[in-house]
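Chain by chain, the residues:
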Amino acid sequence: MPILAKTGNEAMAEAMRQINPDVVAAYPITPATEVVMIFSGFVADGLVDTEFVAVESEHSAMSACVGAAAAGCRVMTGTSSQGLQLMSEILPIASALRQPIVLCEVNRALSGPINIHCDHSDTMAVRDFGWIQIFSENAQEAYDNILQLIKITENESVRLPGMATTDGFIISHCMEKIEALDDNEVKEYLGEHKKMNSVLDLDKPVTLGALDLQDYYFEHKMPIIEAMKNSKDVILKVAKDFAKRYGREYGLIEEYKLADAEIALVALGSTCGTARVVIDELREKGVKAGLLKIRVFRPFPAEEIVKALSKVKAAAIMDRSDMYSNQGGPLFSELRSAMYEAKDKPLLTNYVYGLGGREISLEDIQKIFAEQKEAAASGKVKQLIQHFGVRE
Amino acid sequence: MKKNMGYKELMHGDALPAGTAAEFQTGDWRSERPVFHKDKCINCYFCWIYCPDSAIILDEEKKVVGIDYRYCKGCGICNTECPTKPDKRAITMEPERK
Ligand code: SF4
Ligand code: SF4
């Protein structure tokens, strides 16, 4: 297993090189540009067999991906922010046609105002389109998640597209040590791509994407709902197999010092790394703090979250995007709804933070934990939804 | 194809067996009908190529011989594209209800 120094973007591009997809259709956008730029270098150097389609927009990129996948190809792409939004007309078509496209998504704030830095508003805006969504804490996870996503999305009981995300600049442009797989290991791990209802199968011709009105549209939506349900088990099985082969463990969620924790932080992506440092410090001082990392946002691991937080007294739910519903961020909204029937549940506070790349520091997380300590002691939440770190 | 299938009976991934449009006769949508005049036809196939409903009938010798009114929805594209106009129109449009 080679040890490499890679940025998040390089790690994703490296995974793509080893996957050697049949088709990549992409359009550059900061901070995801490098993923497909580096990959196009691999194409030019003859290191992959991929047909690289340099399209004129992300709308075309996703359209070409759907077409190529429907023809029976293993297909990948990458994007960010407005690029993901420009794809969004086609994203639900990819899932409805059950095409296992894998997208390297680098989280970046949505315009406007125009901003190139990290928040989760882009990925969250497409959360209801039938795509599996996996968040990465660092470059290593970005690499591992992309490889696992190929397995997950191509599983016959799933066959949904999926995106693995990194946090723009924080992960995408920071160099870290990663443990990669050998090229032939990746090849063996993934196996052959299996075609299903290929439009190019002349022995069994099919029509894809026909008009579907009151009589059948509803029936055609149900399999997507079921596939998303099935994907939970598949994600866990794939993770288990990955851990057995390569030693790195993953789940739908990850608990860090949570088993006996009284106060907890729930977060997605790179913030989890910062939280671990604060938790270690707090633990040394005897404070029972813990972390619940949400790795998979779609499918939403509701039961797992409820169970993991059942012993916690107060929890800070960290949302790196707001959704203008006056109900806090998307993670809070879904997590709070999942808690409704739970007998044992913590007091919840939603922290909407880090919009447009505003830094979240160790001190910030210390402050959030201090507030949780107070809430746990008093049994009261000071303010249900806080926009943390914004100037008034 | 079976009617009113449940979602568990459907093909995977919003796919349909090919050629199901044959079961869906669009001819009753028509307010105008194309009428074919064999004597003026030069067999150029323009109508056959352009017809969006594959409603132009060819005989065994691949000659245009008429319109399949079960599927022709009266769009008039064949009439517009037929190069025999203006005087010797091989396809004319006539109202369905006079
Ligand atoms: S009117 Fe339209 S549908 Fe009918 S035969 Fe002509 S082109 Fe085809
Ligand atoms: S377009 Fe006109 S001339 Fe050409 S084949 Fe059709 S009817 Fe005949």
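The model shown is predicted, which means the values in this text are computed figures rather than measured ones.

## Re the domain arrangement of chain A
All names here are of chain A. Domain annotation for chain A reports domain 1 (3-246) and domain 2 (253-387). The centre of domain 1, based on its C-alpha atoms, is set 28 Å off from the matching centre of domain 2. Roughly 2100 Å² of surface becomes buried between domain 1 and domain 2 when both sides are summed, with 54% attributable to carbon and sulfur atoms. When residues of domain 1 are sorted by the area they lose upon contact with domain 2, Arg 127, Glu 137 and Lys 232 head the list and together hold 29% of the total. One salt bridge connects Glu 303 with Lys 232, and the closest N-O pair in it is separated by 2.6 Å. At the junction of domain 1 and domain 2, the tally comes to 18 residue pairs in polar contact (both at pLDDT 80 or more). Contributing elements (two or more residues each) for the side of domain 1 that touches domain 2: helix 6 (121-125), strand 6 (132-135), helix 7 (139-154) and helix 9 (217-246). Its residues placed into classes, the side of domain 1 that touches domain 2 shows 11 nonpolar, 9 polar and 7 charged.

## With respect to the site of ligand 1
Around ligand 1, a shell composed of B:Pro34, B:Cys51, B:Pro52, B:Ile56, B:Ile67, B:Cys72, B:Lys73, B:Gly74, B:Cys75, B:Gly76, B:Ile77 and B:Cys78 is seen. Within the shell around ligand 1, the residues separate by chemical class into 9 nonpolar, 2 polar and 1 charged.

## Re the site of ligand 2
With respect to spatial proximity, 14 residues lie near ligand 2, and among them B:Cys41, B:Cys44, B:Tyr45, B:Cys47 and B:Cys82 are the closest. Across the shell around ligand 2, the residue classes tally to 12 nonpolar, 2 polar and no charged.

## Overview of the confidence of the model for chain B
Looking at chain B as a whole, its pLDDT mean stands at 92, while 99% of the residues score no less than 70. Two summary scores accompany this predicted model of the complex, namely pTM at 0.92 and ipTM at 0.85.

## Digging into the sheet that holds strand 13 (residues 296-298) of chain A
Residues and elements named next belong to chain A. In space, the 7 strands of this open sheet follow the order 3-2-4-5-7-6-13, with mixed pairing throughout. Strands at the two margins of the open sheet, each flanked by one partner only, are strand 3 (51-54) and strand 13. Each neighbouring strand pair of the sheet contributes to a mean axis angle of 20°, computed without reference to strand direction. Note: strand 6 against strand 13, 2 bridges, orientation antiparallel. Counted as the bridge partner of Gln 133 is Arg 298 from strand 13.

Definitions and cut-offs
- Residues numbered from 1 in each chain as written.
- Chains lettered and ligands numbered in written order.
- Predicted model: local features only at pLDDT ≥ 70, side-chain atom pairs only at ≥ 80, totals over all residues.
- Heavy atoms only, no water.
- Domains from an automatic or database assignment.
- Buried area = accessible area lost by both parts, 1.4 Å probe.
- Salt bridge = Lys/Arg side-chain N within 4 Å of Asp/Glu carboxyl O.
- Polar contact = N/O pair within 3.5 Å; in protein donor to acceptor, adjacent residues only side chain to side chain.
- Helix = DSSP H or I, 4+ residues; strand = E, 2+ residues; numbered from the N terminus.
- Nonpolar A, V, L, I, M, F, W, Y, C, P; charged D, E, K, R; others polar.
- Near = heavy atom within 4 Å.
- pLDDT = per-residue confidence, 0-100.
- Pairing = 2+ DSSP bridges.
- Axes fitted to C-alpha atoms, helices over the stretch in contact; angles between N-to-C directions.

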